[in-house]
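Per-entry structural report
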Amino acid sequence: MKEKLTAIFIILLFLLFGGFMYCQNSKNIVLAVKTPTEIVVDLNNNRIADDNETICIPNISSYTSNLTLYQGEIPTLTFEKGIAIGYLADSFANKQLTGKHVKVKFTGQNTPQCRFGEIYTDSGRYSDALKQSGFGIYKGEFINKTNAQSNFQKAEKLKLVIFNHKSEKFHKLNCKYGRIAHDAVILEEKDLLKTAKPCKFCHTKPFKKKKLKKFGTKEISPVPNIISDGSIKIILTDFTKNLKPDRNCLNEVCKELVSLINSSQNSIDIALYGWSDIPKVKSAIISAQKRGVDLRLVYDTSSSKRDYYPETSNLVKIISNNRSDNLKNDKMQTNYLMHNKFIIFDDNIVLTGSMNFSLTGLSGFNQNNVVVLKSPEIARLYKKEFDEMYSGKYHNLKSKMPEKRYILSDGTVIKVYFSPKDKGVTNGIIPLVNGAKKYIYVPAFLITHKPLTTALIKAKQRGVEVKIILDATSVSLRNTSTKELRAANIPVKIENYAGKMHSKTMIIDDRYIVTGSANFSNSGENKNDENQLIIENPKLAKFYKDFFLYLWAKIPDKYLKFNPHAESKYSIGSCSDGVDNDYDGKIDMADEGCK
């Protein structure tokens, strides 16, 4: 009897789980809010905003602050008042929908611009929420007049400007030059970049800039991005300054790489996820080969197949001693990533970090961190890891190495973790988070690792200051921890620049830096080939803390709640950088977000 009851219980659990998964899979994620009544929903679950995925809400309209779509006739308000109401309405719609999993019930009515349908969230029908909010309009009248009146009062207190990303000028709402700008967005005056300049035509009186806010004892102004201490050098790229990638090798990270290649006498071992042909770097590699330097390469195959880094094949042709992670007899292991980005020079120096050796990495377009370590012991360790991959042992086929803790001559303590064997997040990072006393600052591409998410939330609950900056593309990931972290009152800003927040980093208590190639994800810890460092050095940690707070100050507080789309007028420079920032196959003004 017990066996039958157990069997029935297991079957019921299976059915419940199956039902839950069916419900989850039948929902689609909201990728972007064009206006409060035009919503981009990922109907085919490919994480790309396709042409037929704009959903228009039937029988209701609303104001919007989107200048390219602004409609001033419903009901008639002045342009300034309409934009202010639209700004609040956009914020409401984004809070209700962006990044949420929803169901869509189509009406069957279609136009070239959109498909009409009702959107359902876990809270109910979105159109009902829009009506109740006071932003919904039907037949030229606000539907909920009481809430509409309250919205008017809030709108009157807003100090809005038109900010032109391209010129970095800001205009009054009634300025004709602001209204015809092609790369403009509505912002609150308090959210303006510190470098923003007032339009001389509409700001006829001298514009009084607010005093710079302070973090710690330093003003918000450019901070050092390069530091050397003993055997360590750290270079941080500032993606708020370089809004368009190039192949000129003018950034410090590219110059450092070329210098290290040119200085090598015996060997260079390169482990990379992606490569672009940067002429000075390519020339340095060819020159190294000609003078007898032994070059070897291990690389990922999936990145070139996906056209992320198609020029990787060019490097493979140059370096004949190469080995990819394509394991013919093991399809599962092959599908994992060789995601490392490190180079060993003369068995003495290691360059590592978050930067791919690519156009967007070496130009400083993406925000990355690069660490250069001069240590024969650490170089030997990296070489053992490299040799395993070069012999064909990738991912879970590699062997686990012994404890890897080093004390450099200047007293810096470094721990090294290689994925997937070492479990760097579980064994290295989470204990640091659990032991944090003052602060944890996280500039990262993404956070999806659930135990790490839990540890960060517990740190916040025990009084540790936690601040996080994430990349705009990470918000739409199905398993992102963004909502969970924000629900725990952890301030999470989504970057609003053309380049990627590509770091995978933490700074803790003016003492520790976590860095490397591994994203804070399950794949980064348990599947991919990665390397992570925990650097214990107060001087370096304080340096990185100042840089983080500089970036934090340059991203408006608006993006603590509103998530800017990676390729849109909300992401500075993304509509004129020549890059497919959201991986949908469309660039700049061809992308829906920039139209």
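Read on for an overview of the structure. Just so we're clear, the structure is a prediction, and the values are computed from it rather than from any experiment. (Residues numbered from 1 in each chain as written. Predicted model: local features only at pLDDT ≥ 70, side-chain atom pairs only at ≥ 80, totals over all residues. Heavy atoms only, no water.)

In this section: helix H4 (residues 145-157). Helix length check: H4, at 13 residues, gives a terminal C-alpha distance of 19 Å against a target of 18 Å (1.5 Å per residue), a fit within 8%. Turning to H4, the residues buried within the fold contact helix H2 (79-97), helix H3 (126-133) and strand S8 (141-142). Near the N-terminus of H4, the side chain that reaches the backbone nitrogen of Thr146, with its oxygen 3.3 Å away, is that of Asn144. (Helix = DSSP H or I, 4+ residues; strand = E, 2+ residues; numbered from the N terminus. Expected span 1.5 Å × (residues − 1). Contact = heavy atoms within 4.5 Å. Polar contact = N/O pair within 3.5 Å; in protein donor to acceptor, adjacent residues only side chain to side chain.)

For the rest of this paragraph, the subject is the packing of helix H6 (residues 252-263) against helix H7 (residues 279-290). Two elements in contact, H6 and H7, have axes separated by 9 Å at closest approach and are oriented at 10 degrees. Taken together, the axis directions place H6 and H7 in an arrangement best described as roughly parallel. Every residue of H7 that contacts H6 at Cys254, Leu257, Val258, Ile261 and Asn262 is listed here: Lys280, Val281, Ala284, Ile285 and Ala288. (Axes fitted to C-alpha atoms, helices over the stretch in contact; angles between N-to-C directions. Parallel < 35°, antiparallel > 145°, perpendicular 65-115°, else oblique.)

So, on to the nonpolar core. The biggest cluster of nonpolar side chains holds 60 residues, and the ones touching the most others in it are Ile232, Ile234, Tyr382 and Ile414. Ignoring anything within four residues of it in the chain, the contact list for Ile234 reads Asn225, Ile226, Ile227, Val370, Val371, Ile513, Leu540 and Phe543. (Core = buried A, V, L, I, M, F, W, Y, C linked by side-chain atoms within 4.5 Å. Buried < 20%, exposed > 50% of the residue type's maximum accessible area, 1.4 Å probe, protein only.)

This paragraph deals with the pattern of salt bridges. It is possible for side chains bearing opposite charge to pair when their charged atoms get close. Tallied over the full model, the rule gives 19 salt bridges. One network of salt bridges, in which partners are shared, links Asp269, Arg296, Asp347, Lys383 and Asp387. (Salt bridge = Lys/Arg side-chain N within 4 Å of Asp/Glu carboxyl O.)

Counting buried residues in strand S25 (residues 439-444) gives six out of six residues, a clear majority hidden from the surface. Neither face of S25 is left uncovered, since the one carrying Tyr439, Tyr441 and Pro443 and the one carrying Ile440, Val442 and Ala444 both have all their residues buried. By the bridge criterion, six bridges tie S25 to strand S26 (residues 465-470) in an arrangement that is parallel. Residue pairing in the sheet places Tyr439 in a bridge with Glu465 of S26. In this region the chain leaves S25, passes through helix H14 (residues 450-461) and returns to the parallel neighbour S26; the handedness of that crossover is right-handed. Of the strand pairs in this sheet, S25 and strand S28 (residues 506-508) are connected by two bridges, and their pairing is antiparallel. Opposite Tyr441, over in S28, you have Ile507 as the bridge partner. (Pairing = 2+ DSSP bridges. Right-handed = clockwise from strand over helix to strand, strands pointing away.)

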